[in-house]
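Report on the structure
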Amino acid sequence: MEPLLPVPDGGAVDTPLLGAVPLEALPLKALLATAPLVPPGVSPAEELGSLVGWAAAAFYLAESDVNPGVTSYWDALHYVTTSLSVGYANIFPMTPLGKTVGSVVMMLGPALSARVLDAPREREPAAAAPLDLSPVLERLDAILHALQAQNSARSDPQP
């Protein structure tokens, strides 16, 4: 499977403060490898919370050393939460990963927010009661007999 973002030769990411850092040394990669982002069977509110939390963490890791508007996790959280709704913030992504995080949040966030605000649904639809079609069948049989009688009266020769 090809990575979403291009990985430079040697498997290291060049950071402004630390220089070339091997991918294995990045804490986010280790976290993603060991913990699922959203466990199965969670509510829409928990899904939205996971998206916001993980996206803010990824945005912070991508932008903190490059973007002067991102000095803390809370700045990244501010960017992500405003991207869920009106898309306005005083922070703009500068790195490819930051732009990717912003794009994903802007695509998925409104749909997840709408699911949170929807009325709860039943897990399994209620079984419909079987319909009693016997009156319909009786009526159709009566119509069929009437049509057959009418047809046989027309086909009888007249004296």
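1. Description of the nonpolar core
Most often, soluble globular proteins keep nonpolar side chains buried together rather than apart. In this structure, Phe 59, Tyr 79, Val 80, Leu 84, Val 101 and Val 105 are the most contacted members of the largest nonpolar core, which totals 17 residues. Listed by contribution, the elements that provide at least two residues to this core are α2 (44-63), α3 (73-84) and α4 (96-117). When residues of this core are assigned to their parent elements, the largest contribution, 7 residues, is made by α2. Not counting residues within four places of it along the chain, the set of residues in contact with Tyr 79 comprises Phe 59, Ala 89, Ile 91, Pro 93, Gly 102 and Met 106.

2. A short note on the packing of α2 against α3
At a closest axis distance of 8 Å, the pairing of α2 and α3 adopts a crossing angle of 130°. One way to sum up the angle between α2 and α3 is to call them oblique. When you trace α2 past α3, the crossing you get is right-handed. On α3, the residues that touch Leu 48, Leu 51, Val 52, Gly 53, Ala 55, Ala 56, Ala 57, Phe 59 and Tyr 60 of α2 are Tyr 73, Ala 76, Leu 77, Tyr 79, Val 80, Thr 81 and Leu 84. For the contact of α2 with α3, the per-class residue count stands at 14 nonpolar, 2 polar and no charged.

3. Quick look at the environment of Leu 77
Among the secondary structure elements, Leu 77 is positioned in helix α3. Not counting residues up to four positions away in its chain, the partners in contact with Leu 77 are Val 52 and Ala 56.

Conventions adopted
Residues numbered from 1 in each chain as written. Predicted model: local features only at pLDDT ≥ 70, side-chain atom pairs only at ≥ 80, totals over all residues. Heavy atoms only, no water. Core = buried A, V, L, I, M, F, W, Y, C linked by side-chain atoms within 4.5 Å. Buried < 20%, exposed > 50% of the residue type's maximum accessible area, 1.4 Å probe, protein only. Helix = DSSP H or I, 4+ residues; strand = E, 2+ residues; numbered from the N terminus. Contact = heavy atoms within 4.5 Å. Axes fitted to C-alpha atoms, helices over the stretch in contact; angles between N-to-C directions. Parallel < 35°, antiparallel > 145°, perpendicular 65-115°, else oblique. Left-handed = near helix turned anticlockwise from the far one by under 90°. Nonpolar A, V, L, I, M, F, W, Y, C, P; charged D, E, K, R; others polar.

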